[in-house]
Amino acid sequence: MTSGRSVLVVTDMQNGFVREQSAHIVPVVVDLVRRWQAAGGDTLFTRYLNYPDSPFERFFGWRRLQSSPDTDIVPELLPYAERGATLDKKIYSPFTPEGARLIERRGWKELYFCGIATESCVLKGAVDAFERGLTPWLIADASASHAGTAAHDAGLLVARRFIGPKQVITKADIPEDLLAGRVL
């Protein structure tokens, strides 16, 4: 990995979050990550890990993503995850104490967010970056929701209100120097 200002944050691209409503995003994110890394860019892969008696279990009755294979990064991204940093987290955001230290240590100032789910973990990471004075970018067409299009669209709406309308972008808006082979 190189050390630089920008990082592609690949949010929770795990088997347990890939469903009919979100499966279409897997090849999109794989291509984005491939080209980002080929251009020498840093990548941060997050993995959400649920646990017994978590708030998700207590308040939502949600018990998924407590073990493999649900918690595993999708196989298509594994070779790329091995070349990047991986952060395990038990909250929506990558800004755990460990994650915040990693981001600061690496000097990442611009964070490009993609992955699953737009309305929760992708959004929360972008908002937390914004509140820390960093520059968040939410890549709309490289994000999805396992809850469907309405949840994805709601996440984009809230993101535009929380981090700024110009911070929600498409893959085509990513600066050329961050991607190898500009074809999107």
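In case you missed it, the structure is sitting above this.
Along each chain, residue indices are assigned from 1 in the same order as the chain's sequence is written. Local features in this predicted model are restricted to residues whose pLDDT is 70 or higher, and side-chain atom pairs enter the listing and the counts only when it is 80 or higher, whereas totals over whole chains, interfaces and linings include all residues. The side-chain quantities take in all heavy atoms of the structure and omit both hydrogens and water.

Q: Would you explain the overall build of the protein in this entry?
A: Numbering of helices and strands starts at the N terminus; helices are DSSP runs of H or I of at least 4 residues and strands are runs of E of at least 2. Counting its regular elements, the protein contains 6 helices and 6 strands. Throughout, radius of gyration means the C-alpha value; the globule benchmark is 2.2 Å times the number of residues raised to the power 0.38. For 184 residues, the compact-globule estimate of 2.2 N^0.38 gives 16 Å, and the C-alpha radius of gyration of the protein, at 15 Å, lies within 12% of that figure. Here the C-alpha coordinates of the protein stretch approximately 45 × 35 × 35 Å along the principal axes. All accessible areas in this document rest on Shrake-Rupley with a 1.4 Å probe, and a residue is counted as covered only by the protein chains that are shown. Here the protein has roughly 8600 Å² of accessible surface; of this, 55% comes from carbon and sulfur atoms.

Q: In this structure, what is going on with the pattern of salt bridges? I would like to understand it.
A: A pair is scored as a salt bridge if a Lys or Arg side-chain nitrogen falls within 4 Å of a carboxyl oxygen belonging to Asp or Glu. Applying the stated criterion across every chain, the model contains 9 salt bridges. With a closest N to O distance of 3.1 Å, Asp 42 and Arg 106 form a salt bridge. One end of the pair, Asp 42, is in strand 2 (residues 42-48); the other, Arg 106, is in helix 4 (residues 97-106), and 64 residues separate them in sequence. Relative accessible area decides the class of each residue, using a 1.4 Å probe on protein chains only: under 20% of the type maximum gives buried, over 50% gives exposed, and in between gives partly exposed. Judged by relative accessible area, which is 15%, Arg 106 ranks as buried. Between Arg 47 and Asp 88 there is a salt bridge whose closest N-O contact spans 2.6 Å. In this pair, Arg 47 sits in strand 2 while Asp 88 sits in strand 3 (residues 85-89), placing the two residues 41 residues apart along the sequence. Judged by its relative accessible area of 35%, Asp 88 falls in the partly exposed class.

Q: Any chance you could explain the nonpolar core here in plain terms?
A: One recurring pattern in soluble globular proteins: nonpolar side chains tend to sit buried together. Working definition of a nonpolar core: buried Ala, Val, Leu, Ile, Met, Phe, Trp, Tyr and Cys residues. They are joined through side-chain atoms within 4.5 Å. Ranked by size, the top nonpolar core spans 32 residues in total, and within it Leu 8, Val 10, Val 29, Leu 77, Tyr 112, Ile 139 and Ile 174 carry the most contacts. If you tally residues by element for this core, the top one is helix 1 (residues 25-38), at 7 residues. Among the nonpolar cores identified, the runner-up in size contains 23 residues, and Leu 111, Ala 129, Leu 134 and Leu 156 belong to it.

Q: How do you make sense of the pairing of strand 5 (residues 135-144) when you look at a structure like this?
A: Looking along a regular strand, one sees the side chains alternate between the two faces of the sheet. Where burial is concerned, most of strand 5 is hidden: 8 out of the 10 residues are buried. By convention, a crossover is right-handed whenever its connection, traced from the first strand over the helix to the second and viewed with the strands pointing away, goes clockwise. Taking the sense of rotation as the criterion, the β-α-β connection linking strand 4 (residues 110-116), helix 5 (residues 118-131) and strand 5 turns out right-handed. Note on pairing: two strands pair once DSSP finds at least 2 bridges between them. Of the pairings in the sheet, the one linking strand 5 to strand 6 (residues 168-169) comprises 2 bridges and is parallel in character. The residue bridging Ile 139 from the neighbouring strand is Ile 169, located in strand 6.

Q: Help me understand the environment of Pro 97 in this model?
A: Among the structural elements, Pro 97 can be located in helix 4. Taking relative accessible area as the criterion, Pro 97 reaches 59% and is therefore assigned exposed. Along the backbone, Pro 97 and Leu 179 are 82 residues apart, and their C-alpha atoms lie at a distance of 29 Å.

Q: I would appreciate a short explanation of unusual backbone geometry in the present structure.
A: Trans is the prevailing form of peptide bonds, just as negative phi is the prevailing case for residues other than glycine. Cis peptide bonds are those with omega within 30 degrees of zero, and the linkage from Ser 68 to Pro 69 qualifies with 5 degrees. Residue placement: Pro 69 occurs in the loop between helix 2 (55-60) and helix 3 (78-81). That bond from Ile 116 to Ala 117 is cis: its omega, 0 degrees, falls within 30 degrees of zero. Mapping Ala 117 onto the fold places it in the loop between strand 4 and helix 5. In this model, Asp 12 sits at a positive phi of 50 degrees, which is unusual for a non-glycine residue. For Asp 12, the location among the structural elements is in the loop between strand 1 (6-11) and helix 1.

Q: What exactly am I supposed to notice about the packing of aromatic side chains here?
A: To describe a pair of aromatic rings, you give the distance between the ring centres and the angle between the ring planes. Planes of paired rings set the category: under 30 degrees apart is stacked, over 60 is edge-to-face and the rest tilted, where pairs are Phe, Tyr or Trp rings (Trp by its six-membered ring) whose centres lie within 6.5 Å. This structure, assessed with the given rule, holds 9 aromatic pairs. Measuring from centroid to centroid gives 6.0 Å for Phe 17 and Trp 62, while their planes differ by 10 degrees, and the two rings are stacked. With Phe 17 in the loop between strand 1 and helix 1 and Trp 62 in the loop between helix 2 and helix 3, the pair connects residues that are 45 residues apart, well separated along the chain. On the basis of relative accessible area, Trp 62 is assigned to the partly exposed category, the value being 21%. These aromatic residues form a ring-pair network of at least three members: Phe 17, Tyr 48, Phe 56, Phe 60, Trp 62 and Tyr 92.

In short, geometric facts, not functional conclusions.
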